[in-house]
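An overview of the molecular structure
One letter stands for each residue in the lines below.
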Amino acid sequence: MTVTALGAAALLLAGCAQDPEEDSGKGAPTSGASGGATTTLTVGVFGAFGLKEAGLYDEYMAQNPGIRIEQTSIERNENYYPQLLTHLGTGSGLADIQAVEVNNIAEITATQADKLVDLGKAPGVDKAAYLPWKWAQGTASAAKGGATVGLGTDIGPQGICYRKDLFEAAGLPSDRAAVGALWAGDWNKYLEVGRTYKAKAGEGKAGEGKAFVDSASGVMAAVTGSSAQRFYDDQGKVVYKTNPAVRGAFDLAASFATDGLSAKLQQFTPAWDQGFSNGNFATISCPAWMLGYIQDKAGPAGKDKWDVAQAPKPSNWGGSFLVVPKAGKQAEAAAKLAAWLTAPAQQAKLFEKRGSFPSASAAYKLPTVSGAQHAYFGGAPIGEIFAKAAEAVPVAAVGPKDLVIAQNLADIGMLQVDQKGRSPQEGWEAAVKAIDNALDQ
């Protein structure tokens with residue numbers, strides 16, 4: 001099969017597009033069209049989450065005539081999530097099923113697990129069908145009861161998207177297998193390829209003036225994400241300052257800036273979008289959902305110029321979960337629906353229709369995933385590429401302030417190195433100061 005792009009189908013750190021909906025529902029039993037009792041289940045999400053758009057609600061209702069599903073959506077997660085926390089705190093105003101973005105799931109499991117149904121025990125849920133690291137993200141610590149309160153919907157396993165024409169102009173291979181082999185297993189090799197690219201891309205060739213990467217911050221996020229320990233340790237202690245993997249990722253990414261390999265763009269800004277259409281950089285760390293974004297921004301002129309190869313090491317960017325509040329009047333029926341929506345077969349359908357990569361590894365054997373190709377990216381076997389990456393992502397502790405730490409490392413620290421010419425040490429110190437101030441609040 002061929003998976004087509006979804007346009008601007010995803011935004012930063014989320015696997016879902018940000019389009020508002022106006023659906024609403026109260027979760028109370030209503031009268032069905034046939035006159036029989038109908039149980040209405042409400043689902044609260046942020047943006048165009050994909051479940052409704054992929055037709056999954058309609059399919060479930062057809063299979064279960066006594067169930068009616070109604071969805072409410074708040075346009076952006078930064079508006080949705082604070083409301084979710086408020087509603088969980090009061091035990092009112094909740095949908096029967098609520099979506100949770102990956103950057104918020106650690107706070108949910110750490111502070112709200114007692115208010116949520118243990119979906120690991122829901123009928124039809126098989127832990128073995130899911131990626132271990134994704135399952136772990138939705139599971140509370142033993143000290144908090146150890147319940148699996150979040151079932152993963154999608155993930156963002158990363159590859160490296162690259163411009164074949166710019167690689168060829170620099171005398172580098174353009175075949176995706178050969179490209180992946182250039183940096184296989186080592187992010188430092190990715191840096192060395194960048195240096196080779198810079199040395200050979202000039203002299204009036206097509207690659208002259210084209211940077212190797214879009215931004216140093218993007219590199220840093222991908223390198224950090226491939227580490228088994230990041231900002232927190234297994235006991236929930238903040239360790240980003242003392243973890244050599246984090247500082248190493250910062251320093252390595254800073255080298256892309258100081259060596260002149262970066263286009264110095266801030267991701268998800270108009271200038272970054274324009275960089276795709278102008279072909280201003282040769283590579284970018286890209287999760288599965290970004291393929292649609294690239295197609296949308298690069299436009300028809302980028303078709304068959306872009307391709308995707310394996311990243312030096314596997315990492316993940318994005319994804320979401322479904323949780324079921326205990327306060328809901330239909331918790332048992334809601335848990336059954338959440339289990340069905342996140343089952344491998346449904347995740348494969350969501351991928352086929354919306355491009356959201358499955359968090360259930362059992363879906364990777366299904367033809368709609370295993371045989372998936374992307375026509376815009378030269379027929380790249382994206383099902384195979386991203387499944388391989390997803391299965392090798394390390395299980396790592398995720399803390400409640402992961403997003404705060406990551407954003408400050410990128411926007412306060414690395415951006416100053418990349419755009420303002422500050423030294424890596426100055427950038428690091430500025431980020432640490434901002435992070436520590438934010439964590440103390």
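Residues numbered from 1 in each chain as written. Predicted model: local features only at pLDDT ≥ 70, side-chain atom pairs only at ≥ 80, totals over all residues. Heavy atoms only, no water.

1. Some thoughts on the overall build of the protein
The cut-off we apply is this: The numbering of helices and of strands both runs from the N terminus, where a helix is a DSSP run of H or I of at least 4 residues and a strand a run of E of at least 2. Radius of gyration here is computed from C-alpha atoms only, and the compact-globule reference equals 2.2 Å multiplied by the residue count raised to the power 0.38. Throughout this description, buried means an accessible area under 20% of the type-specific maximum (1.4 Å probe, protein chains only), exposed means over 50%, and partly exposed covers the range between.
Within the protein, the regular secondary structure consists of 17 helices and 10 strands. In terms of overall size, the protein behaves like a compact globule, its C-alpha atoms giving a radius of gyration of 22 Å where 441 residues would be expected to give roughly 22 Å. If you line up the protein on its principal axes, its C-alpha atoms span 75 × 50 × 35 Å. For the protein, the residues scored as buried account for 56% of the 441 residues in total.

2. Describing the pattern of salt bridges
Our working definition: For salt bridges, the criterion is a side-chain nitrogen of Lys or Arg within 4 Å of an Asp or Glu carboxyl oxygen.
Applying the stated criterion to the full structure yields 15 salt bridges. As a salt-bridge pair, Arg-163 and Asp-165 come within 2.7 Å of each other at their nearest N and O atoms. Of the charged contacts, one joins Lys-297 and Asp-296 as a salt bridge, the two residues approaching to 3.5 Å between their closest N and O atoms. What makes Lys-297 partly exposed here is its relative accessible area of 23%. Classification of Asp-296 as partly exposed rests on a relative accessible area of 38%. Look at the salt bridges and you will find they share partners, linking Lys-164, Arg-176 and Asp-307 into a network.

3. Notes on the nonpolar core
Put simply, the test is: Side-chain atoms within 4.5 Å link the members of a nonpolar core, which is a set of buried Ala, Val, Leu, Ile, Met, Phe, Trp, Tyr and Cys residues. Only heavy atoms enter the contact rule, under which two residues are in contact if any of them lie within 4.5 Å.
Judged by nonpolar contacts, the single largest core of 49 residues is most densely connected at Leu-51, Ile-97, Leu-119, Val-324, Leu-337 and Leu-341. Here this core gets eight residues from one element, more than from any other, and that element is helix α12 (residues 331–341). For Leu-119, the residues in contact, after removing those within four places along its chain, are Val-125, Thr-148, Val-149, Leu-151, Leu-322, Val-323, Val-324, Ala-335 and Ala-338. In this structure, Phe-212, Met-220, Phe-231 and Tyr-240 belong to the second largest nonpolar core, which totals 45 residues.

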